[in-house]
Amino acid sequence: MSSTVVPVDSVVPDTRGRYGPYGGRYVPETLMAPLEELERVYADASADPAFHAQLDTLLHDFAGRPTPLQFAARLTEHLGGARIYIKREDLLHTGAHKINNCLGQGLLAVRMGKKRVIAETGAGQHGVATATVAALLGLSCTVYMGTEDMERQRLNVNRMRLLGSEVIGVDSGSRTLKDAINEAMRDWVTNVRTSHYLLGSVLGAHPYPQIVRDFHKIIGEEAREQILAREKRLPDFLFACVGGGSNAIGLFNAFLGDATVKMVGVEAGGRGKSLGEHAARLATARGFSGARPGVLQGTYTYVLQTADGQIATTHSVSAGLDYPAIGPEHAWLADLGRAEYTAVTNEEAIDAAKTLARIEGIIPALESAHAVAELIRRAPKMRKSEIVILNLSGRGDKDMETLSRYV
Ligand SMILES: *Cc1c(COP(=O)(O)O)cnc(C)c1O
């Protein structure tokens, strides 16, 4: 636990969008031109102070940044180890970190002259954040969602429709996220001149993993400044849950070059370690099986798959972590040993949500509760002088139905 780690300069993918062997661009020929256009426009926007000023204003006035870094006094005392700070992304508009990326990509769509955005959504959280930004910027918005998910997430479907978005049910395959992604891609191929595909995590073909990371790196930049102001030194540990990996990399990025800062990404351990029972792609040291490198939805990364290469089904109590692939930059940070990846079970996450609710007065999203669970496991073994930052990626309102079953 006291071993030092190898610092990594903030990871810039190479010109082909590679993080080591991972990442890249595995798409049909028809999508090469729009991805190149996105890359070009993004480079241009990144160098334009007016773009940053506009984004900063929206993040501040509309989304509610900066988010607080809260010292969790009672949780620190309860666990009896490290000093715990919570980065409160749950306090943002729409209830999670996702709005950071949606605002950024929404402005890119406007800059490209595209009047329409397309998104896919599983539980509906990314769909709601996208619909929100589309309304704010006057864009039309189509969200694809599996009909199975629509059934389970009625409230989010209604939210998107109230915000003026069109929600299209996808009835093929397992009628969940993977199938919705396929339909959204089909739409994009057909309407690529007028529409921007607003991807929701650090996944997909280059340049998406880099763009989405960059729109979330403000989480770590704020946290770094806040902890230095408060403690006059850097933290020893960062904890974040990892679905695609956007909230985690958003926190980690600002600390990658700091050798003393250790990083822990927490995946969904679901209800068992065999394939189909979990969504842990990098936590192989904990005995979760079935992940190896492969291509899924445009990028080369760790993918949960069967022996003959079929994409595996996954399971998690938390929809946001329930995905068979992980962002390519995380695969690379795992190979380098720069970040550590682990997983907790459904049950541990639910218990952690209860603990945080009762001890700190915060009901976390079930995704975030995975990071809380790993922290609860480790903090008691840490020294009282050590400092931890936990990224609380979202609030638990959306999960009340699930949580109510366990109260
Ligand atoms: C969507 C979501 C996640 C998972 O996505 P990442 O890209 O891994 O951050 C985590 N937490 C919350 C609250 C979410 O809504």
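Everything numeric here is computed off the predicted structure, so don't read it as measured data.

**Digging into the sheet that holds strand 4 (residues 83–88)**
Reasoning step 1: Pairing is mixed across the open sheet formed by 6 strands, whose spatial order is 3-4-14-9-10-13. Strand pairing shows two members of the sheet lacking a second neighbour, strand 3 (69–71) and strand 13 (339–345), which therefore form its edges. Each adjacent strand pair in this sheet contributes to an overall mean axis angle of 25°, direction not counted.
Reasoning step 2: Where strand 9 (residues 237–241) meets strand 14 (residues 387–392), 3 bridges bridge the pair, whose relative direction is parallel. For L238, the partnering residue across the bridge sits in strand 14 and is I389.
Reasoning step 3: Docked against the sheet, helix 13 (residues 346–360) engages strand 3, strand 4, strand 10 (262–270), strand 13 and strand 14, running at close to 90° with respect to strand 13.

**So, the site of the ligand**
Reasoning step 1: In the vicinity of the ligand lie 16 residues, with K98, S201, G243, S246 and S393 positioned nearest.
Reasoning step 2: S201 is positioned such that a nitrogen or oxygen atom in its side chain is 2.6 Å from an oxygen atom of the ligand.
Reasoning step 3: Separating an oxygen atom of the ligand from a backbone N or O atom of G244 is a distance of 3.2 Å.
Reasoning step 4: Protein coverage of the free-state accessible area of the ligand, which is 380 Å², stands at 96%.
Reasoning step 5: Here the shell around the ligand is composed, by residue class, of 4 nonpolar, 10 polar and 2 charged.

**Some points on the domain arrangement of the protein chain**
Reasoning step 1: What the domain assignment reports for the protein chain is domain 1 (19–61 + 98–213) and domain 2 (67–95 + 218–404).
Reasoning step 2: A separation of 23 Å is found between the C-alpha centroids of domain 1 and domain 2.
Reasoning step 3: At the interface, 30 residues of domain 1 touch 32 residues of domain 2.
Reasoning step 4: Here domain 1 meets domain 2 over a buried area of about 2500 Å², counting both sides, of which 68% is carbon and sulfur.
Reasoning step 5: When the buried surface of domain 1 facing domain 2 is broken down by residue, Y22, L203 and R213 rank first, second and third, together holding 26% of it.
Reasoning step 6: Across the contact surface, domain 1 and domain 2 share 1 salt bridge.

**As for the pairing of strand 11 (residues 291–296)**
Reasoning step 1: Bridge count for strand 11 against strand 12 (residues 299–304) is 6 bridges, and the pairing is antiparallel. Considered in strand 12, the bridge of P293 is made with Y302.
Reasoning step 2: The hairpin formed by strand 11 and strand 12 contains 2 residues between the paired strands, and Q297 there has a positive phi angle of roughly 45°.

**Some points on the packing of aromatic side chains**
Reasoning step 1: Enumeration over the complete set of coordinates arrives at 9 aromatic pairs.
Reasoning step 2: Here the aromatic rings of F237 and F239 are separated by 6.1 Å at their centres, their planes lie at 35°, and the arrangement is tilted.
Reasoning step 3: Through a chain of ring-to-ring contacts, three or more aromatic side chains come together here, namely Y22, Y300 and Y302.
Reasoning step 4: Lying over the aromatic face of F71, R83 brings its terminal NZ or CZ to 4.5 Å of the ring centre.
Reasoning step 5: Across from the ring centre of F288, 5.3 Å away, lies the NZ or CZ of K273, which sits over that ring.

**A look at the sheet that holds strand 5 (residues 116–121)**
Reasoning step 1: A sheet is described by the order of its strands in space; here 4 strands give the open sequence 7-6-5-8, paired in parallel fashion. Strand pairing shows two members of the sheet lacking a second neighbour, strand 7 (166–170) and strand 8 (195–197), which therefore form its edges. Strand-to-strand twist in this sheet, taken as the mean axis angle between neighbours without regard to direction, amounts to 25°.
Reasoning step 2: Bridge count for strand 5 against strand 8 is 3 bridges, and the pairing is parallel. Note that in strand 8 the partner of R116 across the bridge is S195.
Reasoning step 3: Sitting on the sheet, helix 5 (residues 125–137) is in contact with strand 5 and strand 6 (140–146), with an inclination near 165° to strand 5.

**Quick look at the nonpolar core**
Reasoning step 1: Core analysis: the biggest nonpolar cluster contains 56 residues, and L103, L108, W188 and Y197 have the highest contact counts within it.
Reasoning step 2: In terms of residues, this core owes the most to one element, helix 4 (residues 98–111), which gives 6 residues.
Reasoning step 3: Residue assignment places this core across two domains, with domain 1 (19–61 + 98–213) and domain 2 (67–95 + 218–404) each supplying three or more.
Reasoning step 4: When neighbours within four sequence positions are excluded, L108 is seen to be in contact with L38, V41, Y42, A45, F51, I211 and F215.
Reasoning step 5: In terms of nonpolar packing, the next biggest core, distinct from the first, is built from 35 residues, V8, Y19, I249 and A339 among them.

What counts, and at which threshold
Along each chain, residues carry numbers from 1 onward, in the same order as the chain's sequence is written. For this predicted model, a pLDDT threshold of at least 70 governs which residues receive local features, and a threshold of 80 or more governs which side-chain atom pairs are given and counted, while totals over whole chains, interfaces and linings are taken from all residues. Values shown for side chains rest on all heavy atoms present in the structure; no hydrogens or waters enter the calculation. Strand pairing is defined by DSSP finding a minimum of two bridges between the two strands. By definition, any uninterrupted DSSP run of H or I lasting at least four residues is a helix, any uninterrupted run of E lasting at least two residues is a strand, and each is numbered from the N terminus. Only the contacting stretch of a helix is used when fitting its axis, a line to C-alpha atoms as for every element, and angles between N-to-C directions run 0 to 180 degrees. Two residues form a contact once any of their heavy atoms are found within 4.5 Å. We call a residue near a given molecule or strand whenever any one of its heavy atoms falls within 4 Å of it. The definition of a polar contact used here is a pair of N or O atoms within 3.5 Å, where within protein one atom must be able to donate a hydrogen and the other to accept one, and adjacent residues in sequence count solely through side-chain atom pairs. Note on areas: Shrake-Rupley, 1.4 Å probe, and residue coverage restricted to the protein chains presented here. Polar here means any residue outside two lists: the nonpolar Ala, Val, Leu, Ile, Met, Phe, Trp, Tyr, Cys and Pro, and the charged Asp, Glu, Lys and Arg; Gly therefore counts as polar. Boundaries of every domain are those given by an automatic assignment or by a domain database. Accessible-area loss on putting two parts together, using a 1.4 Å probe and summing over both, is the definition of buried area adopted here. What counts as a salt bridge is simple: a side-chain nitrogen of Lys or Arg found within 4 Å of a carboxyl oxygen of Asp or Glu. Note on aromatic pairs: the rings of Phe, Tyr and Trp (six-membered ring only in Trp) are paired at centre separations within 6.5 Å, and the planes decide the class, stacked below 30 degrees, edge-to-face beyond 60, tilted for the rest. Charge over a ring is defined by NZ of Lys or CZ of Arg lying within 6 Å of the ring centre and within 35 degrees of the ring normal. Only buried residues count toward a nonpolar core, which is a set of Ala, Val, Leu, Ile, Met, Phe, Trp, Tyr and Cys residues joined through side-chain atoms within 4.5 Å. Classification of residues uses two cut-offs on accessible area relative to the type maximum, computed with a 1.4 Å probe and protein chains only: under 20% is buried, over 50% is exposed, and between them is partly exposed.

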